[in-house]
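A closer look at the structure
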Amino acid sequence: GEGYFIAADIGTTTLVMEKRKKSDGRVEAVYKEINAQRIFGADVLTRMEASLSGKGEELSQKITEQLEKGITQLCADGEKADFMVIAANTTMVHLLMKYSVERLGRAPFIPETLDEIVTEIGGIKTYIMPGFSAFVGGDIKAGLYTLSFLRETDKNLIENKEKSGKWNLFIDLGTNAELVLFCENRGICCATAAGPAFEGGANRGIWGADMVKLLQKLLGEGLMDRQGLLKEPYFTRGIRIGDVLVTKEAVRAVQLAKGAIAAGIEILTESYGIRLSDISKVVLAGGFGYYLDPKAAAAIGLLPKELTDRTVTGGNTALSGAALVGNRILTGQLRSWDDLHRRQELQIQILNLAEQIKFAETFLKKMDFC
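Residues numbered from 1 in each chain as written. Predicted model: local features only at pLDDT ≥ 70, side-chain atom pairs only at ≥ 80, totals over all residues. Heavy atoms only, no water.

Under the defined criterion, the tally for this structure stands at 15 salt bridges. When the shortest N-O distance is used, the salt bridge between Arg 103 and Glu 112 registers 3.5 Å. Overall, Glu 112 belongs to the partly exposed group, its relative accessible area being 38%. As a salt-bridge pair, Glu 270 and Lys 358 come within 3.0 Å of each other at their nearest N and O atoms. Highlighted residues: Glu 270 in helix α7 (residues 248–271) and Lys 358 in the loop between β14 (348–350) and α12 (359–366), separated in sequence by 88 residues. The class of Glu 270 is partly exposed, set by a relative accessible area of 43%. One salt-bridge network, held together by shared partners, links Asp 24, Arg 26 and Glu 28. (Salt bridge = Lys/Arg side-chain N within 4 Å of Asp/Glu carboxyl O. Buried < 20%, exposed > 50% of the residue type's maximum accessible area, 1.4 Å probe, protein only. Helix = DSSP H or I, 4+ residues; strand = E, 2+ residues; numbered from the N terminus.)

As a further point, take the sheet that holds strand β1 (residues 4–10). Spatially, six strands are ordered β3-β2-β1-β4-β6-β5 in an open sheet, and the strand pairing comes out mixed. Here the strands that pair on one side only, and so sit at the sheet edges, are β3 (27–34) and β5 (117–121). Each strand axis lies, on average, 20 degrees off the axis of its neighbour in the sheet, ignoring direction. In this sheet, strand β2 (residues 14–21) lies alongside β1 in antiparallel orientation, the contact comprising seven bridges. In the strand pairing of β2, Tyr 4 is matched with Lys 21. (Pairing = 2+ DSSP bridges. Axes fitted to C-alpha atoms, helices over the stretch in contact; angles between N-to-C directions.)

Structurally, the position occupied by Cys 75 is in the loop between α1 (44–74) and β4 (83–88). Leaving out residues up to four positions away in the same chain, Cys 75 has contacts with Ile 6, Lys 80 and Ala 81. (Contact = heavy atoms within 4.5 Å.)

One finds Leu 169, Ile 171, Leu 215 and Val 246 to be the most contacted residues of the largest nonpolar core, which totals 50 residues. Among the elements that make up this core, the one with the highest residue count is α7 (nine residues). For Ile 171, the contacting residues outside a window of four places in its chain are Glu 178, Leu 179, Ile 265, Val 282, Val 283, Leu 284, Ala 285 and Leu 303. Grouped together as the second largest cluster of nonpolar side chains are 31 residues, Val 44, Ile 71, Ala 88 and Ile 121 included. (Core = buried A, V, L, I, M, F, W, Y, C linked by side-chain atoms within 4.5 Å.)

Along the chain, Thr 113 turns up in the loop between α2 (90–97) and β5. On the accessibility criterion, Thr 113 (22% relative accessible area) is partly exposed. Considered as a pair, Thr 113 and Val 93 are 20 residues apart in the sequence and their alpha carbons are 9.4 Å apart. Those residues in contact with Thr 113 that lie beyond four places of it in its chain are His 94 and Tyr 99. Only 3.0 Å separates the side chain of Thr 113 from the backbone nitrogen of Asp 115, close enough to count as a polar contact. (Polar contact = N/O pair within 3.5 Å; in protein donor to acceptor, adjacent residues only side chain to side chain.)

Bringing the pairing of β4 into the picture now. Among the six residues in β4, six count as buried, and that is most of the element. Side-chain alternation along β4 places Phe 83, Val 85 and Ala 87 on one buried face and Met 84, Ile 86 and Ala 88 on a second face that is also buried. Pairing between β1 and β4: five bridges, direction parallel. When the bridges of β4 are listed, Ala 8 appears paired with Ile 86. Two elements, β4 and strand β6 (residues 124–128), share four bridges in a ladder whose sense is parallel. From the neighbouring strand, Ile 86 faces β6, where its bridge partner is Ile 128.

Glancing now at α12. Inspection of α12 places Phe 359, Thr 362 and Phe 363 among the buried residues, and these make up the whole buried set. When α12 is viewed along its axis, its buried side chains cluster within an angular range of 105 degrees and face the same direction. Turned more than 90 degrees from where α12 packs its buried face, Glu 361 and Leu 364 sit exposed. Tucked into the core, α12 has its buried residues touching β9 (186–193) and α7. (Arc of directions from axis to C-beta.)

The final tally for this structure, using the stated rule, is five aromatic pairs. A ring pair is formed by Phe 83 and Tyr 127, whose centres lie 5.9 Å apart and whose planes are at 85 degrees; its orientation type is edge-to-face. Pair noted here: Phe 83 is in strand β4 and Tyr 127 is in strand β6, with a separation of 44 residues, a long-range link. In this structure Phe 83 comes out as buried when scored by relative accessible area, which is 7%. (Phe/Tyr/Trp six-rings, centres within 6.5 Å; stacked < 30°, edge-to-face > 60°.)

The structure is reproduced here in structure tokens:
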């Protein structure tokens with residue numbers, strides 16, 4: 001019918017909100033800002049440390065006020081939104097809701113809850129999407145909704161346990177990197193830390209996608225070797241390309257992040273017995289993934305070269321997934337979060353890379369640019 005609802009993506013780096021028409025889901029207005037919690041740290045670990053040091057109330061207040069500001073601006077026409085759906089990683093949910101992150105931040109990494117949350121923000125009913133694990137949250141579940149993976153499938157598909165169809169690899173790249181290898185209604189996922197390397201923190205003034213292209217250029221022109229060492233006379237003072245000074249510290253930050261992601265891809269596929277040739281499509285999402293050039297990523301070893309031509313960008317899949325859930329709430333297709341959540345948990349295997357014996361070895365191997 002008439003009216004609006006709001007879809008929101010609380011990312012570690014940015015907050016994005018959309019006002020959508022209830023009648024057809026059309027985007028009427030967009031609100032986007034840097035996550036106000038960034039003053040407490042660029043990544044989830046530093047923010048958890050801030051929360052544990054007594055800043056939990058302030059962290060929650062910052063993002064709550066920002067959400068309220070977004071609601072006010074989106075509804076400046078005077079018509080109140082009926083409800084809001086939020087997709088966010090598990091840490092962002094904890095910090096918003098003032099949950100303790102004490103158990104979340106250390107092994108065995110236990111969240112206070114992974115269930116859906118219904119609350120009120122800015123005077124409107126708010127649904128916060130459930131997550132998979134401490135490291136794979138509601139933003140990834142929303143992304144998989146976008147890819148039509150966690151949809152209500154027909155009976156024949158649910159009962160079919162054979163490996164039919166092709167596999168897909170979903171990679172959400174931001175301050176954190178989440179990887180999901182899936183085929184129809186089942187899959188395996190993991191997460192690895194990327195740090196601020198891909199979201200403007202590795203080299204002041206340049207974002208990750210552009211940094212990857214610069215490293216590709218340095219490799220191609222022989223100004224940097226496969227180990228990530230800048231050639232003389234640039235090793236100590238860095239090398240300026242246009243307006244950007246590429247330093248050895250910036251190279252190292254990207255090298256650590258890309259090594260962890262490449263290792264995650266290899267371990268994920270090997271653990272499920274999937275060859276790269278079995279993967280029909282790679283979907284890049286997240287603040288960094290949206291702008292990443294697959295060829296540049298393959299040139300530095302962030303993505304396997306075999307998957308370059310099968311890689312596409314998916315945009316902000318967390319935000320579009322939250323909007324999809326909003327539409328399902330409106331149409332009555334989402335009757336029970338609990339039943340849907342339990343069914344999805346049975347279909348998704350969570351792989352903890354820290355528990356994988358081969359991770360350290362594979363990570364070191366993937367550190368080289370190749």
